[in-house]
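Listed here are the chains, written in short residue letters.
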Number of protein chains: 2
Amino acid sequence: MGRRLSICNSIDDCDLAILANESSRMTVADGRSFIEEGAPANDFFVVTGGRVKLFTLLPDGRRQITGFAEGGDFLGLAASTSYAFGAEALGGATLCRFPHAGMQRLTERFPSLEHRLREEASRELALMQARMTLLGRKTARERVATFLIERCSHLDRPDPSHPIELDLPMPRTDIADYLGLTIETVSRILSAFKKEKLINIRSITHITLLAPERISMIAEGME
Amino acid sequence: MGRRLSICNSIDDCDLAILANESSRMTVADGRSFIEEGAPANDFFVVTGGRVKLFTLLPDGRRQITGFAEGGDFLGLAASTSYAFGAEALGGATLCRFPHAGMQRLTERFPSLEHRLREEASRELALMQARMTLLGRKTARERVATFLIERCSHLDRPDPSHPIELDLPMPRTDIADYLGLTIETVSRILSAFKKEKLINIRSITHITLLAPERISMIAEGME
DNA sequence: TACCAGACTTGATTCAGGTCAAGGTGATGG
DNA sequence: CCATCACCTTGACCTGAATCAAGTCTGGTA
């Protein structure tokens, strides 16, 4: 979770060798889990390629996806001694792993990194506030609309009131577990949006937002 | 949000005068709001006495309480340029305000403070993960049970399997908005717990957990 | 002591979203 | 080119929690 932490931003013209020294690369195959909820937290991760999903589980298997992460995102801030979440690759991912000990050496060498990490945590906290409102107070329609709009903001293209092409790299199950709904409800609402000409479903993963403005309105409960 | 940040922990035998210089005290009357969601974020706050609730609103007035804070808790991590939440005193509170600029001077003078803040943000993030699971995936019964157990952990008394006396300083409305339920549902479930001899309701604010273990089980969906 | 206002509880009813149960679709491999 | 499998969609029905509507309890006031 947390976007665009090019870790080097805070090291600038830094000694990259040091950084490389403290980290190791790894690749994770689709659907493979690489952080176990509750396991001792020894590493930070930075997603360098592909996508990852973060989640927590209830004992009976109910799952809440707490976020999706992609290139540049940082994982592991929500962990003190043990991880507060599990993580799993979504279609294959590459990661950079920073053992905590090494991370500490890095923050000592580059103090601004510590500040950067806090900023990242703050950004993440602000996002979570919004997500709690979504989960606690929004209707299914509003949730799905919010999800679509959220996906737009991942496109760095500034968003006019023109149609926007989106792709949803995650299966419906993941969308449902992210929004606190069932896959049937997600599916039904996407179909409804289509019928209302708010979106066009070109394929399972490719969706066009035909009326982004209206979808934003719905997302905020102002339709 | 975030507990037990005695800011001096990270300054230790520090120059308290400097700290005092950078902060100002304030008191907020019951129900009085002192952080406006979306307003430019210029200050951090530390709760020094009383209680505070944090929340976000939807345009039509739906409210999600994202946390309660009390003595020692830190507010304002979930803010970059503008606050991601509103805050309001719950029965009167006293606060210490740290303007960002002053805070920056403090972190420069006491670098470990920066680390401390990140830790605090991490702790908060981990809590939020759990809360997202609550809001997205738990039943009303599980939510209320979780809330009761959560309140226990605010008591620093270690919790045996004996009855535990709790007080709930917030009105039912706030509990409901915290759990993503209505006040009727909260009320009904507390009554049900009482009928099942899981709790005893001594007064509106005073509740005794008669079977904390069982309530924990319910909270985790394992009843 | 009686009255009042605000907060809480309880009951009856409704409805959004879940559950259960068929189909459809599209990518992969034989 | 068809079979298969995993994933998605759609429909019928059900249910947990919301909504609507009375009560009830409490503490404060006169």
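Residues numbered from 1 in each chain as written. Chains lettered and ligands numbered in written order. Predicted model: local features only at pLDDT ≥ 70, side-chain atom pairs only at ≥ 80, totals over all residues. Heavy atoms only, no water.

Caption draft 1: Local environment of the overall build of chain A. In terms of helices and strands, chain A carries seven helices and nine strands. Sequence separation of 24 or more characterises 72% of the internal contacts of chain A that already satisfy a separation of 6 or more. For chain A, the accessible area works out to roughly 9,700 Å², and carbon and sulfur atoms hold 52% of it. (Helix = DSSP H or I, 4+ residues; strand = E, 2+ residues; numbered from the N terminus. Contact = heavy atoms within 4.5 Å. Areas by Shrake-Rupley, 256 points an atom, 1.4 Å probe, with all protein chains shown as cover.)

Caption draft 2: Structural view of the protein's contact with DNA strand D. Around DNA strand D, the structure places 15 residues, and the nearest of them are S187 and S191 of chain A together with A140, T185 and R188 of chain B. The sugar-phosphate share of atoms of DNA strand D within 4 Å of the protein amounts to 67%. Between DNA strand D and S187 of chain A, the relevant distance is 2.8 Å, taken from a phosphate oxygen to a side-chain nitrogen or oxygen of the residue. One of the side-chain nitrogen or oxygen atoms of R188 of chain B is found 2.7 Å away from a base oxygen of DNA strand D. Looking at the surface near DNA strand D, the elements that each hand over two or more residues are α6 (183–195) of chain A together with α6 (183–195) of chain B. Among the elements that line the surface near DNA strand D, the one with the most residues is α6 of chain A, at four residues. (Near = heavy atom within 4 Å. Polar contact = N/O pair within 3.5 Å; in protein donor to acceptor, adjacent residues only side chain to side chain.)

Caption draft 3: Structural context of the interface of chain B and chain A. If you look at the interface, chain B gives 43 residues, while chain A gives 43 residues. Both faces considered, chain B and chain A share a buried interface measuring about 3,800 Å² in area, 61% of it formed by carbon and sulfur atoms. In this structure, the connection of chain B to chain A is made through six salt bridges. Note that E114 of chain A is salt-bridged to R118 of chain B, the shortest N-O span being 2.4 Å. Applying the counting rule to chain B against chain A returns 22 residue pairs in polar contact (both at pLDDT 80 or more). Contributions of two or more residues to the side of chain B that touches chain A are made by β3 (43–57), β4 (63–70), α3 (111–137) and α5 (172–179) of chain B. The element contributing the most residues to the side of chain B that touches chain A is α3 of chain B, with 17 residues. (Buried area = accessible area lost by both parts, 1.4 Å probe. Salt bridge = Lys/Arg side-chain N within 4 Å of Asp/Glu carboxyl O.)

Caption draft 4: Examining the relation of the copies chain B and chain A more closely. Of the transformation placing chain B onto chain A, the axial shift is 0.0 Å and the rotation is 180°, giving an RMSD of 0.0 Å. Interpreted geometrically, this transformation is the action of a two-fold axis. For chain B, the smallest separation between a C-alpha atom and the rotation axis is recorded for R118 of chain B, amounting to 2.4 Å. A shared interface surface links the copies, since 100% of the contact residues of chain B are contact residues in chain A too. (Least-squares fit on C-alpha atoms with pLDDT ≥ 70 in both.)

Caption draft 5: Structural detail: the domain arrangement of chain A. All names here are of chain A. Entries for chain A in the domain assignment read domain 1 (7–131) and domain 2 (138–219). If you average the C-alpha positions of domain 1 and of domain 2, the two centres end up 26 Å apart. Facing the eleven residues of domain 1 at the interface are twelve residues of domain 2. The junction of domain 1 with domain 2 conceals about 980 Å² of combined surface from both sides, 50% of it contributed by carbon and sulfur atoms. Linking domain 1 to domain 2 there are three salt bridges. D174 is paired through a salt bridge with K53; the nearest N and O atoms lie 2.7 Å apart. Applying the counting criterion to the domain 1 and domain 2 interface returns seven residue pairs in polar contact (both at pLDDT 80 or more). Elements represented by at least two residues in the side of domain 1 that touches domain 2 include exactly β3 (43–57) and β4 (63–70). When its residues are assigned to classes, the side of domain 1 that touches domain 2 shows three nonpolar, three polar and five charged. (Domains from an automatic or database assignment. Nonpolar A, V, L, I, M, F, W, Y, C, P; charged D, E, K, R; others polar.)

Caption draft 6: Structural detail: the pattern of salt bridges. Enumeration according to the criterion identifies 34 salt bridges over all chains in this entry. Between E196 of chain A and R141 of chain A there is a salt bridge; the shortest N-O distance is 2.9 Å. Remark: R141 of chain A occurs in helix α4 (residues 140–154) and E196 of chain A occurs in the loop between α6 and β8 (199–201); sequence separation between them is 55 residues. Looking at E196 of chain A, the relative accessible area reads 35%, which means it is partly exposed. Across the pair R63 of chain B and D177 of chain B runs a salt bridge, and its minimum N-O distance is 2.6 Å. (Buried < 20%, exposed > 50% of the residue type's maximum accessible area, 1.4 Å probe, protein only.)

Caption draft 7: Geometry of the protein's contact with DNA strand C. Around DNA strand C, 15 residues are found, and the nearest of them are A140, T185 and R188 of chain A together with S187 and S191 of chain B. Contacts to DNA strand C include R188 of chain A, whose side-chain N or O atom sits 2.7 Å from a base oxygen. Contact distances for DNA strand C include 2.9 Å between a phosphate oxygen and a side-chain N or O atom of R172 of chain B. Only α6 of chain A together with α6 of chain B provide two or more residues apiece to the surface near DNA strand C. For the surface near DNA strand C, the leading source of residues is α6 of chain B, giving four residues. Residues of the surface near DNA strand C, tallied by class, amount to four nonpolar, six polar and five charged.

Caption draft 8: Focus on the packing of aromatic side chains. Evaluated as defined, the whole model comprises ten aromatic pairs over all chains. A centroid spacing of 5.5 Å and a plane angle of 75° characterise the contact between F34 of chain B and F45 of chain B, whose relative ring orientation is edge-to-face. Taken as a pair, F34 of chain B in strand β2 (residues 33–35) and F45 of chain B in strand β3 lie far apart in primary sequence, eleven residues in all. A network of ring pairs unites the aromatic residues F68, F147 and Y178 of chain A as a single cluster. (Phe/Tyr/Trp six-rings, centres within 6.5 Å; stacked < 30°, edge-to-face > 60°.)

Caption draft 9: Seen up close, the sheet that holds strand β7 (residues 164–167) of chain A. Residues and elements named next belong to chain A. Reading across from one edge, β7-β9-β8 is the order of the three strands in this open sheet, with antiparallel pairing throughout. Two strands lie at the open edges of the sheet, namely β7 and β8, each paired on one side alone. The sheet shows a mean angle of 25° between the axes of neighbouring strands, taken without regard to direction. Bridge count for β7 against strand β9 (residues 206–209) is four bridges, and the pairing is antiparallel. (Pairing = 2+ DSSP bridges. Axes fitted to C-alpha atoms, helices over the stretch in contact; angles between N-to-C directions.)

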